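A structural walkthrough
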Number of protein chains: 2
Amino acid sequence: MPHPTIPGARRRATVRDVAAAAGVATSTVSRVFSRPERISAPTRQHVLAVAGRLGYRPDPIAQALPSGSTRTLALLVPDITNPFFFDLIRGAERQAAAAEFTLVLADAGESADAESLHLDRLTRSVDGVVLASSRLPGTRIEALRLERPLVLVNRKSAGVPAVVVDNHQGMAQAAAHLASLGHERVGYAGGPESSWSDRTRWRALQAAARRLGLTCVRLGAFPPTIDGGTAVAETALVARVSAVVAFNDLLAIGAMRRLGRRGVAVPGGMSVLGCDDIFGAEICAPALTTVAADIELAGRTAIDLLLAQRSAIPPPARTIVLQTHLTIRQSTGGPR
Amino acid sequence: MPHPTIPGARRRATVRDVAAAAGVATSTVSRVFSRPERISAPTRQHVLAVAGRLGYRPDPIAQALPSGSTRTLALLVPDITNPFFFDLIRGAERQAAAAEFTLVLADAGESADAESLHLDRLTRSVDGVVLASSRLPGTRIEALRLERPLVLVNRKSAGVPAVVVDNHQGMAQAAAHLASLGHERVGYAGGPESSWSDRTRWRALQAAARRLGLTCVRLGAFPPTIDGGTAVAETALVARVSAVVAFNDLLAIGAMRRLGRRGVAVPGGMSVLGCDDIFGAEICAPALTTVAADIELAGRTAIDLLLAQRSAIPPPARTIVLQTHLTIRQSTGGPR
DNA sequence: GTCGAGGTGGCAACCGGTTGCACGCCGCTG
DNA sequence: CAGCGGCGTGCAACCGGTTGCCACCTCGAC
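Now for a quick tour of the structure. Predicted model, so just to flag it, every value in this text is computed and none were measured.

**Thoughts on the overall build of chain A**
- Scanning chain A from N- to C-terminus turns up twelve helices and twelve strands.
- Taken over the C-alpha trace, chain A has a radius of gyration of 26 Å; the compact-globule value for 336 residues is 20 Å, which it surpasses by more than 25%.
- By its C-alpha atoms, chain A is 85 × 45 × 35 Å across when sized along the principal axes.
- In chain A, buried positions account for 49% of the 336 residues.
- Within chain A, contacts between residues at least 6 apart in sequence are counted, and of these 70% link residues at least 24 apart.

Here it is, written out as structure tokens:
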């Protein structure tokens, strides 16, 4: 039983149906749709009329086979649950739609294995892949690059176009802000160990702290979720820091909540600073001070980079670095 | 230039390559992958070995052509920006992945035209479609149903399987809660006029209010966003209601913020009640009282309903009604 | 020894388009 | 009026798989 259809649905018209009804060759019908200027106006209009009457529309799958293009792009994120990716998804979807491409979304569940699996299933059937915060080993990424146009977000790999946020700038802004408030000992609440963003943020924060004469301690690696924030709060209290910079806003919000329950005022007893400025950072209480780049722009840029690779002469692999800015709200203040 | 590939990438092995290398017919290679039990163990293992050596993997597009199935499902939402859909997307993605299907995501931008356009592009290349809070005219939905397995979320149409939240129950819970606090005159802040959810919520709230002896006024139709909440606050103040039930949490949060800026305490001066319990409802200040169903479950159920239609004997069109529950937080209290 | 059943694998058509090449026709030039 | 170039269209191969049908082989039963 090929082509399982809805009971009662009539078979779709094909090029051959149209060709027969119009008294032309299938190639003519095909060209009317793919390269209309190749066909004379009278024939074209006639074919179009017949096609319209029959309700003919080219089948995208059948078109994809010989042409090799599905007009489809894939976006792989480590966790759809994380609001950080909402903006990325949104930006990517918008830009893809603008270029008349369809976005395929997959969730890697924070696991390199699941990511790999999805990739196996997807790679052949899309025209390009955006890997956001990939947990994949570098070798796998290298291999992937040879199969399909590839763009990385918040991750770097030699020769692969990428868009990354400027973590050095961001952490410098965060450290400067805390230093200006008078903090001397700050903690960094880390995210997943396999995350490139976490590594660069931690290094950047250390560097910035050193320049400013701050002591900076790493509080550990936490799951980047609100629940993960609980442990952050506990650890920060034990580590006797007066401020904590969290790997992301979720962790920061979770930490604030826990601190509140423990009777520690924010920012009175502890300042909390997040990263990414997700939806929610502004409406939580106290509103979260956070450092972020325009992530929707990151999504749009990633798609642009992907689309650029489809042109005959692919531009040199580029890395786009997104500027960050610090949004000061209520979760940071002077120590003590 | 068919099959535009990455410079330097080798052509993928095909069934014919494997067949030649293994000394068998292409049909045998095909069957080794699609119906292994049809092939004797020795041949199968030999073919598998050769295929492995050549790095052969069946091309999903080529498979889709004769089989008619792409193992792909589409989800259309009116606005990816709206956190309400995050949970829906997440649930749908998870369930699709579990069934080894890939989810295609499209954003209709709150417009029936854009929705229609996306549908045109997508319908042929996916095995089924989930339409969430569709703005499409009923006739279009009817027609779509004949083309592809279809499931509606928060919308009803004769003969189309759907999953909807029980708005009557939800609004009854909301009204009862407000009545028990002593409110007598409440406002309803409506969402998009073309929204089925908005219509049923409004009607349900009216009915519940009547039963409880409350006066209920409609404040108008607002864009279902935080910004839309500004107008809600102003209108509510003018309408002299002591509580407002908002079409969704975004509107409620926006209204609370505006009320705060106007110096009106929540819930002291005005109670605010939302719908959907989105991410953010709990962390905003004051935490939002809201009535909601499990939307991630809605996403999972929608996919299940879609998958069920693929079986030979499609079950009778079903409508799954999701129970709601009221989460009482800090945004509601007694009047005055 | 013959016949039949069951299992294995090959042939070739097919899914629905695209496209290189060739051919016929037209008008224009010399 | 022959020759030539260019345009519009058709023929047929092809993209990479799947599958109905048939041929062949083997083995067991009579």
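Next comes the rest of the description.
**What about the protein's contact with DNA strand D?**
- In the neighbourhood of DNA strand D, 27 residues make up the surrounding shell, with Ser27, Thr28 and Thr43 of chain A together with Ser27 and Ser30 of chain B lying closest.
- Sorting the residues of the surface near DNA strand D by element identifies α2 (26-34) and α4 (60-67) of chain A together with α2 (26-34) and α4 (60-67) of chain B as the ones contributing at least two each.
- A per-element tally of the surface near DNA strand D places α2 of chain B first, with six residues.
- In terms of residue class, the surface near DNA strand D is made up of twelve nonpolar, twelve polar and three charged.

**Some points on the nonpolar core**
- Residues Val130 and Val244 of chain A together with Val130 and Val244 of chain B are the most contacted members of the largest nonpolar core, which totals 177 residues.
- When neighbours within four sequence positions are excluded, Val244 of chain B is seen to be in contact with Val186, Gly187, Ala189, Leu219, Val232, Ala236, Ala255, Met270 and Val272 of chain B.

**Description of the interface of chain B and chain A**
- Counting residues at the interface gives 45 residues for chain B, matched by 44 residues for chain A.
- Elements with a minimum of two residues in the side of chain B that touches chain A: α4, α5 (83-98), β2 (102-107), α6 (112-122) and α7 (138-147) of chain B.
- A total of seven residues in the side of chain B that touches chain A trace back to one element, the largest contributor, which is α4 of chain B.
- Residue classes in the side of chain B that touches chain A are distributed as 27 nonpolar, nine polar and nine charged.
- Pairing of strand β2 (residues 102-107) of chain A with β2 of chain B involves three bridges; the strand directions are antiparallel. Considered in β2 of chain B, the bridge of Leu105 of chain A is made with Leu103 of chain B.

**With respect to α5 of chain B**
All names here are of chain B.
- With 16 residues, α5 should cover 22 Å at 1.5 Å per step; its first-to-last C-alpha distance of 23 Å lies within 8% of that length.
- With 13 of 16 residues buried, α5 is to be regarded as a mostly interior element.
- Glu100, located one to two residues past α5, shows a positive phi value of around 60 degrees.

**So, the packing of helix α1 (residues 15-22) of chain B against helix α3 (residues 41-54) of chain B**
Residue and element names in this part refer to chain B.
- Axis separation between α1 and α3 bottoms out at 9 Å; the angle between their running directions is 120 degrees. Comparing the axis directions of α1 and α3 gives the class oblique. Note on packing geometry: the crossing formed by α1 with α3 is right-handed. Contacts from Asp17, Val18, Ala21 and Ala22 in α1 reach His46, Val47, Val50, Ala51 and Leu54 in α3.
- Counted by class, the contact of α1 with α3 contains seven nonpolar, one polar and one charged residues.

The rules we used
- Residues numbered from 1 in each chain as written.
- Chains lettered and ligands numbered in written order.
- Predicted model: local features only at pLDDT ≥ 70, side-chain atom pairs only at ≥ 80, totals over all residues.
- Helix = DSSP H or I, 4+ residues; strand = E, 2+ residues; numbered from the N terminus.
- Rg over C-alpha atoms; globule rule 2.2 N^0.38 Å.
- Buried ≥ 20, exposed ≤ 12 C-beta atoms within 10 Å, placed from the backbone.
- Contact = placed C-beta atoms within 7 Å.
- Near = placed C-beta within 6 Å.
- Nonpolar A, V, L, I, M, F, W, Y, C, P; charged D, E, K, R; others polar.
- Core = buried A, V, L, I, M, F, W, Y, C linked by C-beta atoms within 7 Å.
- Pairing = 2+ DSSP bridges.
- Expected span 1.5 Å × (residues − 1).
- Axes fitted to C-alpha atoms, helices over the stretch in contact; angles between N-to-C directions.
- Parallel < 35°, antiparallel > 145°, perpendicular 65-115°, else oblique.
- Left-handed = near helix turned anticlockwise from the far one by under 90°.

These figures capture arrangement, not role.
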